[in-house]
Amino acid sequence: MDEDKNKNFLLLIFSLVESKYVSVAEINNLASVASELEVMPEFWLTELAACQTADEAQNILREQMRDQHVIFNERYVSLLLGFSYLGVQEGKISLAEFEAELVDVMDAYSVHNAYMNMTIEDFHHDFFSLSCLPDQSTALGSYLIDAAEKSKIEFRAEIAPILSA
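Definitions and cut-offs
- Residues numbered from 1 in each chain as written.
- Predicted model: local features only at pLDDT ≥ 70, side-chain atom pairs only at ≥ 80, totals over all residues.
- Heavy atoms only, no water.
- Helix = DSSP H or I, 4+ residues; strand = E, 2+ residues; numbered from the N terminus.
- Buried < 20%, exposed > 50% of the residue type's maximum accessible area, 1.4 Å probe, protein only.
- Areas by Shrake-Rupley, 256 points an atom, 1.4 Å probe, with all protein chains shown as cover.
- Axes fitted to C-alpha atoms, helices over the stretch in contact; angles between N-to-C directions.
- Parallel < 35°, antiparallel > 145°, perpendicular 65-115°, else oblique.
- Left-handed = near helix turned anticlockwise from the far one by under 90°.
- Contact = heavy atoms within 4.5 Å.
- Nonpolar A, V, L, I, M, F, W, Y, C, P; charged D, E, K, R; others polar.

1. Considerations on the overall build of the protein
So, step 1. Looking only at helices and strands, the protein has eight helices and zero strands in total.
So, step 2. Across the 165 residues of the protein, 43% fall into the buried class.
So, step 3. Accessible surface, the protein: about 8,400 Å² in total, of which carbon and sulfur atoms supply 51%.

Below, the structure written as structure tokens:
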């Protein structure tokens with residue numbers, strides 16, 4: 001697999017794990033199948049296939065991302081929030097977990113919030129006043145719904161073919 005595709009795959013898997021959209025067992029299966037198919041003949045896939053916890057999976061992926069100089073950019077934020085949004089909708093994470101992740105992302109990437117087209121004040125107005133997932137009528141809701149759709153598309157394009165092989 002070429003370097004850019006490998007970096008994109010790493011970022012996608014990392015966002016899946018960090019958002020808690022997939023379980024450790026699902027990550028083990030994905031890594032095992034990917035290494036068997038030689039999609040990426042990488043040693044880290046063997047480690048990922050054997051990890052026991054989400055923290056262990058994150059550590060393996062972080063090390064790999066650091067080694068390959070993967071950049072946590074707009075795509076990462078979009079994937080992370082998109083999978084987190086889908087996770088709440090599908091009952092994989094609670095609204096409180098989603099809210100905490102959203103606050104962390106807003107704080108960590110405040111320099112880059114221009115691409116999200118919102119300020120922390122917008123976030124507080126759109127989210128905290130509702131006590132539920134924001135819908136398309138808010139700036140935050142529009143961003144999250146778009147991120148969730150893009151995340152589903154990337155998942156279907158990159159991950160689903162590996163798991164169905």
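From this point, the discussion proceeds with the structure in view.
2. Details of the packing of helix 3 (residues 43–50) against helix 4 (residues 54–67)
So, step 1. Contact geometry of helix 3 with helix 4 gives a least axis separation of 9 Å together with a crossing angle of 170 degrees. Here helix 3 is positioned roughly antiparallel relative to helix 4, judged by the angle of their axes. Crossing of helix 3 over helix 4 shows left-handed handedness. The segment helix 3 lies against helix 4, with Trp44, Glu47 and Leu48 engaging Ala57, Ile60, Leu61 and Gln64.

3. Section: the side chain of Gln68
So, step 1. Its place among the elements puts Gln68 in the loop between helix 4 and helix 5 (74–89).
So, step 2. Apart from the residues lying within four places of it in its own chain, the contact partners of Gln68 are Asn6, Lys7, Leu10 and Trp44.

4. Thoughts on the packing of helix 1 (residues 3–18) against helix 5
So, step 1. Contact geometry of helix 1 with helix 5 gives a least axis separation of 8 Å together with a crossing angle of 35 degrees. Two packed elements cross with a definite hand, and for helix 1 against helix 5 that hand is right-handed. Two secondary-structure elements touch here, helix 1 through Asn8, Leu11, Leu12, Phe14, Ser15, Leu16 and Glu18 and helix 5 through Arg75, Tyr76, Leu79, Leu80 and Phe83.
So, step 2. Split into classes, the residues belonging to the contact of helix 1 with helix 5 amount to eight nonpolar, two polar and two charged.

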